[in-house]
Amino acid sequence: MYEDGEELTQEQIDYFIERMNSGEEVEAGSEVHRLMTAASERAMRITSRMNAAFDSLSGVRAQLEELWMCELPEGVGVFPPFTTDCGLNTHVGEGVFINVGARFQDQGGIYIGERALLGHNCVIATLNHDMDPAKRANLVPAPVRIGADAWLGANVTVLPGVTIGEGAVVAAGAVVTRDVPARTVVGGVPAKVIKEL
(Lines give C-alpha, C1' and ligand atoms only; values in the text may rest on other atoms or scores of the structure.)
Protein backbone atom coordinates (compact mmCIF):
# COMPACT_ATOMS: atom_id res chain seq x y z
CA MET A 1 0.00 0.00 0.00
CA TYR A 2 1.27 3.47 -0.87
CA GLU A 3 1.67 6.05 1.90
CA ASP A 4 1.77 9.82 1.19
CA GLY A 5 5.27 11.05 0.34
CA GLU A 6 6.77 7.60 -0.29
CA GLU A 7 8.68 6.81 -3.48
CA LEU A 8 6.98 4.31 -5.74
CA THR A 9 8.56 0.89 -6.11
CA GLN A 10 9.01 -0.71 -9.53
CA GLU A 11 6.37 -3.28 -8.57
CA GLN A 12 3.88 -0.49 -7.78
CA ILE A 13 4.68 1.30 -11.05
CA ASP A 14 4.22 -1.89 -13.07
CA TYR A 15 0.88 -2.60 -11.37
CA PHE A 16 -0.28 0.99 -11.88
CA ILE A 17 0.60 1.01 -15.61
CA GLU A 18 -1.05 -2.38 -16.10
CA ARG A 19 -4.26 -1.07 -14.51
CA MET A 20 -4.17 2.17 -16.52
CA ASN A 21 -3.62 0.29 -19.78
CA SER A 22 -6.57 -1.98 -19.02
CA GLY A 23 -8.97 0.94 -19.50
CA GLU A 24 -10.87 -0.05 -16.34
CA GLU A 25 -12.47 2.72 -14.29
CA VAL A 26 -10.39 3.83 -11.30
CA GLU A 27 -12.47 4.29 -8.18
CA ALA A 28 -11.73 7.43 -6.16
CA GLY A 29 -9.83 6.61 -2.97
CA SER A 30 -8.76 3.17 -4.19
CA GLU A 31 -5.18 1.89 -4.05
CA VAL A 32 -4.77 2.59 -7.79
CA HIS A 33 -6.04 6.13 -7.21
CA ARG A 34 -3.46 6.59 -4.43
CA LEU A 35 -0.72 5.31 -6.77
CA MET A 36 -1.93 7.85 -9.34
CA THR A 37 -1.43 10.61 -6.76
CA ALA A 38 2.05 9.30 -5.97
CA ALA A 39 2.93 9.32 -9.68
CA SER A 40 1.71 12.91 -9.87
CA GLU A 41 3.90 13.95 -6.94
CA ARG A 42 6.91 12.28 -8.59
CA ALA A 43 6.21 14.00 -11.92
CA MET A 44 5.80 17.40 -10.26
CA ARG A 45 9.14 17.03 -8.48
CA ILE A 46 10.98 16.22 -11.71
CA THR A 47 9.24 18.75 -13.97
CA SER A 48 9.51 21.54 -11.39
CA ARG A 49 13.25 20.99 -11.29
CA MET A 50 13.49 20.75 -15.09
CA ASN A 51 11.44 23.91 -15.69
CA ALA A 52 12.98 26.05 -12.94
CA ALA A 53 16.66 25.44 -13.60
CA PHE A 54 17.22 25.13 -17.34
CA ASP A 55 20.87 24.89 -18.31
CA SER A 56 20.91 22.86 -21.55
CA LEU A 57 18.75 20.76 -23.85
CA SER A 58 20.87 17.74 -22.94
CA GLY A 59 19.95 18.42 -19.30
CA VAL A 60 16.26 18.47 -20.26
CA ARG A 61 16.74 15.20 -22.12
CA ALA A 62 18.31 13.56 -19.04
CA GLN A 63 15.42 14.71 -16.85
CA LEU A 64 12.87 13.42 -19.36
CA GLU A 65 14.59 10.04 -19.31
CA GLU A 66 14.25 10.07 -15.52
CA LEU A 67 10.60 11.15 -15.78
CA TRP A 68 9.61 8.66 -18.49
CA MET A 69 11.90 5.93 -17.08
CA CYS A 70 13.41 5.08 -20.46
CA GLU A 71 16.20 6.02 -22.80
CA LEU A 72 14.88 8.55 -25.31
CA PRO A 73 15.13 7.74 -29.01
CA GLU A 74 17.54 9.75 -31.13
CA GLY A 75 16.58 13.32 -31.95
CA VAL A 76 13.73 13.69 -29.44
CA GLY A 77 13.47 17.31 -28.36
CA VAL A 78 11.39 19.07 -25.73
CA PHE A 79 11.49 22.81 -25.02
CA PRO A 80 10.46 23.58 -21.44
CA PRO A 81 8.36 24.42 -19.66
CA PHE A 82 6.82 20.97 -19.92
CA THR A 83 4.38 19.53 -17.41
CA THR A 84 2.75 16.18 -16.80
CA ASP A 85 0.70 14.80 -13.95
CA CYS A 86 2.06 11.27 -14.30
CA GLY A 87 5.05 10.79 -16.59
CA LEU A 88 5.05 7.00 -16.41
CA ASN A 89 3.03 6.18 -19.53
CA THR A 90 4.45 8.37 -22.31
CA HIS A 91 6.06 6.72 -25.34
CA VAL A 92 7.78 8.77 -28.08
CA GLY A 93 9.41 7.80 -31.35
CA GLU A 94 12.63 9.01 -32.94
CA GLY A 95 12.72 12.66 -33.99
CA VAL A 96 9.63 13.78 -32.01
CA PHE A 97 9.64 17.48 -31.12
CA ILE A 98 7.49 18.94 -28.32
CA ASN A 99 7.43 22.74 -28.17
CA VAL A 100 7.12 25.14 -25.22
CA GLY A 101 4.26 24.75 -22.74
CA ALA A 102 3.06 21.23 -23.53
CA ARG A 103 0.91 19.55 -20.88
CA PHE A 104 0.53 15.78 -20.80
CA GLN A 105 -1.95 13.78 -18.76
CA ASP A 106 -0.50 10.41 -19.63
CA GLN A 107 -2.03 8.00 -17.12
CA GLY A 108 -4.02 6.30 -19.90
CA GLY A 109 -1.02 6.22 -22.24
CA ILE A 110 0.37 8.69 -24.78
CA TYR A 111 2.01 7.21 -27.87
CA ILE A 112 3.71 9.64 -30.27
CA GLY A 113 5.07 8.33 -33.57
CA GLU A 114 8.38 9.19 -35.22
CA ARG A 115 8.97 12.78 -36.33
CA ALA A 116 5.65 14.03 -34.97
CA LEU A 117 5.63 17.73 -34.06
CA LEU A 118 3.65 19.24 -31.18
CA GLY A 119 3.22 23.02 -31.15
CA HIS A 120 3.22 25.48 -28.26
CA ASN A 121 0.83 24.73 -25.39
CA CYS A 122 -0.52 21.42 -26.68
CA VAL A 123 -2.62 19.53 -24.15
CA ILE A 124 -3.00 15.76 -24.36
CA ALA A 125 -5.52 14.25 -21.94
CA THR A 126 -6.04 10.53 -21.31
CA LEU A 127 -8.49 10.56 -18.40
CA ASN A 128 -12.23 11.18 -18.22
CA HIS A 129 -14.42 11.41 -15.13
CA ASP A 130 -17.46 9.23 -14.59
CA MET A 131 -20.61 11.01 -15.82
CA ASP A 132 -22.65 9.91 -12.80
CA PRO A 133 -22.39 12.78 -10.27
CA ALA A 134 -22.29 10.26 -7.41
CA LYS A 135 -19.12 8.77 -8.94
CA ARG A 136 -17.70 11.92 -10.54
CA ALA A 137 -14.30 11.56 -8.82
CA ASN A 138 -13.79 8.17 -10.50
CA LEU A 139 -11.49 8.18 -13.53
CA VAL A 140 -11.62 6.33 -16.84
CA PRO A 141 -8.29 6.05 -18.73
CA ALA A 142 -8.07 5.89 -22.53
CA PRO A 143 -4.89 6.22 -24.63
CA VAL A 144 -4.04 8.91 -27.16
CA ARG A 145 -2.07 7.84 -30.23
CA ILE A 146 -0.38 10.33 -32.54
CA GLY A 147 0.92 8.89 -35.80
CA ALA A 148 4.32 9.35 -37.37
CA ASP A 149 4.87 12.70 -39.11
CA ALA A 150 1.70 14.22 -37.61
CA TRP A 151 1.77 17.93 -36.74
CA LEU A 152 -0.28 19.48 -33.95
CA GLY A 153 -0.40 23.29 -34.10
CA ALA A 154 -0.25 25.65 -31.14
CA ASN A 155 -2.91 25.36 -28.42
CA VAL A 156 -4.32 22.04 -29.66
CA THR A 157 -6.17 19.88 -27.14
CA VAL A 158 -6.48 16.12 -27.74
CA LEU A 159 -9.07 14.27 -25.66
CA PRO A 160 -8.92 10.71 -24.27
CA GLY A 161 -9.14 7.78 -26.65
CA VAL A 162 -8.27 9.76 -29.81
CA THR A 163 -5.97 8.48 -32.55
CA ILE A 164 -4.41 10.99 -34.93
CA GLY A 165 -3.33 9.33 -38.16
CA GLU A 166 0.09 9.42 -39.77
CA GLY A 167 0.94 12.67 -41.53
CA ALA A 168 -2.20 14.43 -40.30
CA VAL A 169 -2.22 18.14 -39.42
CA VAL A 170 -4.27 19.54 -36.55
CA ALA A 171 -4.79 23.30 -36.94
CA ALA A 172 -3.92 25.68 -34.12
CA GLY A 173 -6.55 25.94 -31.38
CA ALA A 174 -8.41 22.77 -32.37
CA VAL A 175 -10.05 20.47 -29.84
CA VAL A 176 -9.77 16.90 -31.10
CA THR A 177 -12.65 14.79 -29.81
CA ARG A 178 -12.56 11.91 -32.32
CA ASP A 179 -10.07 10.06 -34.48
CA VAL A 180 -8.31 11.96 -37.26
CA PRO A 181 -7.67 10.08 -40.52
CA ALA A 182 -4.13 9.87 -41.86
CA ARG A 183 -2.99 12.67 -44.17
CA THR A 184 -5.87 15.01 -43.44
CA VAL A 185 -6.04 18.54 -42.05
CA VAL A 186 -8.53 19.10 -39.23
CA GLY A 187 -9.43 22.22 -37.31
CA GLY A 188 -12.06 23.85 -35.13
CA VAL A 189 -13.94 23.06 -31.94
CA PRO A 190 -14.67 20.21 -32.15
CA ALA A 191 -12.12 19.45 -34.86
CA LYS A 192 -13.51 18.53 -38.29
CA VAL A 193 -11.81 17.52 -41.51
CA ILE A 194 -10.88 20.55 -43.60
CA LYS A 195 -9.08 18.79 -46.45
CA GLU A 196 -7.02 15.77 -47.41
CA LEU A 197 -3.28 16.01 -48.04
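Everything discussed here concerns the structure shown above.
Residues numbered from 1 in each chain as written. Predicted model: local features only at pLDDT ≥ 70, side-chain atom pairs only at ≥ 80, totals over all residues. Heavy atoms only, no water.

(A) Local environment of the sheet that holds strand β5 (residues 103–105). Here five strands make up an open sheet; going across it, the order is β2-β5-β8-β13-β16 and the pairing parallel. Every interior strand has two partners, whereas the edge strands, β2 (83–84) and β16 (175–176), have only one. Note that β5 and strand β8 (residues 123–125) share three bridges and pair parallel. Within β8, the position partnered with Gln105 by the bridge is Ala125. (Pairing = 2+ DSSP bridges. Helix = DSSP H or I, 4+ residues; strand = E, 2+ residues; numbered from the N terminus.)

(B) Looking closely at the environment of Ala137. For Ala137, the position within the fold is in the loop between β9 (127–129) and β10 (139–141). Taking relative accessible area as the criterion, Ala137 reaches 44% and is therefore assigned partly exposed. For Ala137, the contacting residues outside a window of four places in its chain are Ala28, His33 and His129. (Buried < 20%, exposed > 50% of the residue type's maximum accessible area, 1.4 Å probe, protein only. Contact = heavy atoms within 4.5 Å.)

(C) Geometry of the sheet that holds strand β4 (residues 97–98). Pairing is mixed across the open sheet formed by seven strands, whose spatial order is β1-β4-β7-β12-β15-β17-β18. Sheet topology places β1 (77–78) and β18 (192–196) at the edges, where each strand pairs with a single neighbour. When β1 meets β4, the two strands line up parallel, connected through two bridges. Among the inter-strand pairings, Val78 is bridged to a residue of β4, identified as Ile98.

(D) A look at the packing of helix α2 (residues 31–52) against helix α3 (residues 57–68). Across the interface, α2 lies against α3 with an axial gap of 10 Å and an inter-helix angle of 180 degrees. Here α2 lies roughly antiparallel to α3, going by the angle between them. Within the contact between the two elements, α2 uses Arg42, Ala43, Ile46, Thr47, Arg49 and Met50 and α3 uses Val60, Gln63, Leu64, Glu66 and Leu67. Partitioning the contact of α2 with α3 into residue classes produces six nonpolar, two polar and three charged. (Axes fitted to C-alpha atoms, helices over the stretch in contact; angles between N-to-C directions. Parallel < 35°, antiparallel > 145°, perpendicular 65-115°, else oblique. Nonpolar A, V, L, I, M, F, W, Y, C, P; charged D, E, K, R; others polar.)

(E) Quick look at unusual backbone geometry. Residue Pro81 is reached from Pro80 by a cis peptide bond, and omega for that bond is 5 degrees. Structurally, the position occupied by Pro81 is in the loop between β1 and β2. Unusually for a residue other than glycine, Asn121 sits at a positive phi of about 60 degrees. Of note, Asn121 is situated in the loop between β7 (117–118) and β8. Positive phi, normally seen in glycine, also occurs at Arg183, with a value near 55 degrees. As for its position among the elements, Arg183 is in the loop between β16 and β17 (184–187). Using a relative accessible area of 49% as the deciding quantity, one classes Arg183 as partly exposed.

(F) Spatial organisation of the pairing of β17. Burial along β17 is two-sided: the face carrying Thr184 and Val186 and the face carrying Val185 and Gly187 are both buried. Pairing geometry for β17 and β18, over four bridges, is antiparallel. In the sheet register, Gly187 faces β18, and the bridge partner there is Lys192. The loop that links β17 with its antiparallel partner β18 comprises four residues; one of these, Gly188, has a positive phi angle of about 100 degrees.

(G) Quick peek at the pattern of salt bridges. A complete count under the given rule lists six salt bridges for this structure. Among the salt bridges present, the one from Arg49 reaches Glu66, with a minimum N-O distance of 2.6 Å. Placement of Arg49 in helix α2 and of Glu66 in helix α3 is noted, with a sequence separation of 17 residues between them. One network of salt bridges, with partners in common, ties together Glu114, Arg115 and Asp149. (Salt bridge = Lys/Arg side-chain N within 4 Å of Asp/Glu carboxyl O.)

(H) Quick look at the packing of aromatic side chains. Tallying each qualifying case throughout the model produces three aromatic pairs. For the pair Phe79 and Phe97, a centre-to-centre distance of 4.9 Å together with 90 degrees between the ring planes defines the contact as edge-to-face. Here Phe79 is found in the loop between β1 and β2, whereas its partner Phe97 is found in strand β4, with 18 residues between them in sequence. By relative accessible area, Phe79 is classed as partly exposed at 34%. Looking at Phe97, the relative accessible area reads 22%, which means it is partly exposed. (Phe/Tyr/Trp six-rings, centres within 6.5 Å; stacked < 30°, edge-to-face > 60°.)

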